[in-house]
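# Secondary and tertiary structure notes
One letter stands for each residue in the lines below.
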Amino acid sequence: NITFFMTGYFVRTFPEESKRVLAAGNEIGDHTNTHPQLTKERPYSMMRQIVFPAETMAETLGVSPRLMRPPYGDVNSNVISVSRAEGMECVLWNMSTKDSIGKYTVEECIKNGTTRAKLAPGNILLCHLDANHSWEILDAVLTYYEEQGYTVLPISALIYATLHPRGTALHRRLLAELAGRTRH
């Protein structure tokens, strides 16, 4: 199970697909309403870009996102403040398949996501829902991680694991629960 960041537009346009992603046990995060560069938006518009998709997700999917990934990694203190006021933490990434750029082949995207020199516990990989071959790339990358002995977690579980000391009963239960789930 992993985290999918969806725009409000995606959830409204593809509600059944969004519900399937959630039903498969994945975490859903906010990725704005229409994917703008948030730091270039006026304050009210920036706020609506963050709040509106969260409302859409609550209405359509029955979940309130706890995480928000700003498009392009474009973030500042205002974006963080609005996200936190809405109960969400901003999340960025440190690895990317570069699948949305359009100039890379499927094989190159898989290589981008599986570069051994960059692999480390706690990495957050950026991959897109709407890029060509997204599912093929994601499946290959996640399979590779598992073959290398990594446990793939939703981002909130990763954040939780870093905030609570290893060895606590709750931490062990969370990891055991996540390890027992199958990837869809």
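Here the structure is shown first, and the text comes after it.
Residues numbered from 1 in each chain as written. Predicted model: local features only at pLDDT ≥ 70, side-chain atom pairs only at ≥ 80, totals over all residues. Heavy atoms only, no water.

### Notes on the overall build of the chain
Quick reminder of the rule: Under the DSSP-based scheme used, a helix requires at least four consecutive residues in state H or I and a strand at least two consecutive residues in state E, with every element numbered from the N terminus. Throughout, exposure labels follow a simple rule: accessible area from a 1.4 Å probe, protein chains only, divided by the maximum for the residue type, with under 20% read as buried, over 50% as exposed, and the rest as partly exposed. Contacts are assigned to residue pairs with any non-hydrogen atoms lying within 4.5 Å of each other. For every accessible area listed, the method is Shrake-Rupley and the probe measures 1.4 Å; residues are considered covered only by the protein chains on display.
Scanning the chain from N- to C-terminus turns up eight helices and six strands. When its helices and strands are written in sequence order, the chain yields β-α-α-β-α-β-α-β-β-α-β-α-α-α. Looking at the chain residue by residue over its 184 residues, the buried ones come to 41%. The contacts in the chain between residues at least 6 apart in sequence include a share of 65% that link residues at least 24 apart. When the accessible area of the chain is evaluated, it comes to approximately 10300 Å², of which 53% is carbon and sulfur surface.

### Let's talk about the nonpolar core
Counted only if it meets this: Only buried Ala, Val, Leu, Ile, Met, Phe, Trp, Tyr and Cys residues count toward a nonpolar core, and they belong to the same one when joined by side-chain atoms within 4.5 Å.
Counting residues in hydrophobic clusters, the biggest one holds 21 residues, and the most contacted among them are Phe4, Met6, Ile28 and Tyr145. If one sorts the elements of this core by residue count, helix H6 (residues 134-147) sits on top with six residues. Contacts of Ile28, omitting those with residues within four sequence positions, involve Phe4, Met6, Val21, Leu22, Met57, Leu61, Val63 and Pro65. Within the second largest apolar cluster, eight residues are counted, among which are Leu38, Met68, Val82 and Met88.

### Considerations on the pairing of strand E2 (residues 27-30)
Cut-off, in case you're wondering: Two strands are said to pair when DSSP picks up at least two bridges between them.
Along E2, one buried face is formed by Glu27 and Gly29 and the opposite face, lined by Ile28 and Asp30, is buried too. Relative to E2, strand E1 (residues 3-6) runs parallel, the two being bridged by four bridges. Residue pairing for E2: Phe5 is matched across the bridge by Gly29.

### Description of helix H5 (residues 106-113)
In plain terms, the rule: In this context, the arc is that of the directions from the helix axis out to the C-beta atoms.
All of the buried residues in H5 are Val106, Cys109, Asn112 and Gly113. Looking straight down H5, one finds that the buried residues subtend no more than 120 degrees of arc, so they occupy a single side. Seen from the buried face of H5, the exposed residues on the opposite side, beyond 90 degrees, are Glu107 and Lys111. Those residues of H5 that are buried lie in contact with strand E5 (95-96), strand E6 (125-126) and H6.

### A closer look at the state of the cysteines
One way to say it: the disulfide is the covalent bond shared by the sulfur atoms of two cysteines. The cut-off we apply is this: Cysteine sulfur atoms that come within 2.5 Å of each other are treated as a disulfide pair.
In total, this model carries zero disulfides according to the counting rule given. Here Cys109 stays free of any disulfide, with the sulfur of Cys127 as its closest cysteine sulfur at 7.8 Å.

### Examining the pattern of salt bridges
Test applied: Any Lys or Arg side-chain nitrogen found within 4 Å of a carboxyl oxygen on Asp or Glu counts as a salt bridge.
For the structure on display, the rule yields four salt bridges. When the shortest N-O distance is used, the salt bridge between Lys19 and Glu16 registers 3.6 Å. Of this pair, Lys19 and Glu16 both sit in helix H2 (residues 15-23), three residues apart, which is roughly one turn of that helix. We note a salt bridge from Glu27 to Arg66, for which the minimum N-O separation is 3.6 Å. Residue Glu27 is found in strand E2, and its partner Arg66 is found in the loop between helix H3 (43-61) and strand E3 (67-68); the two are separated by 39 residues along the sequence.

Read these as geometric descriptors, not functional statements.
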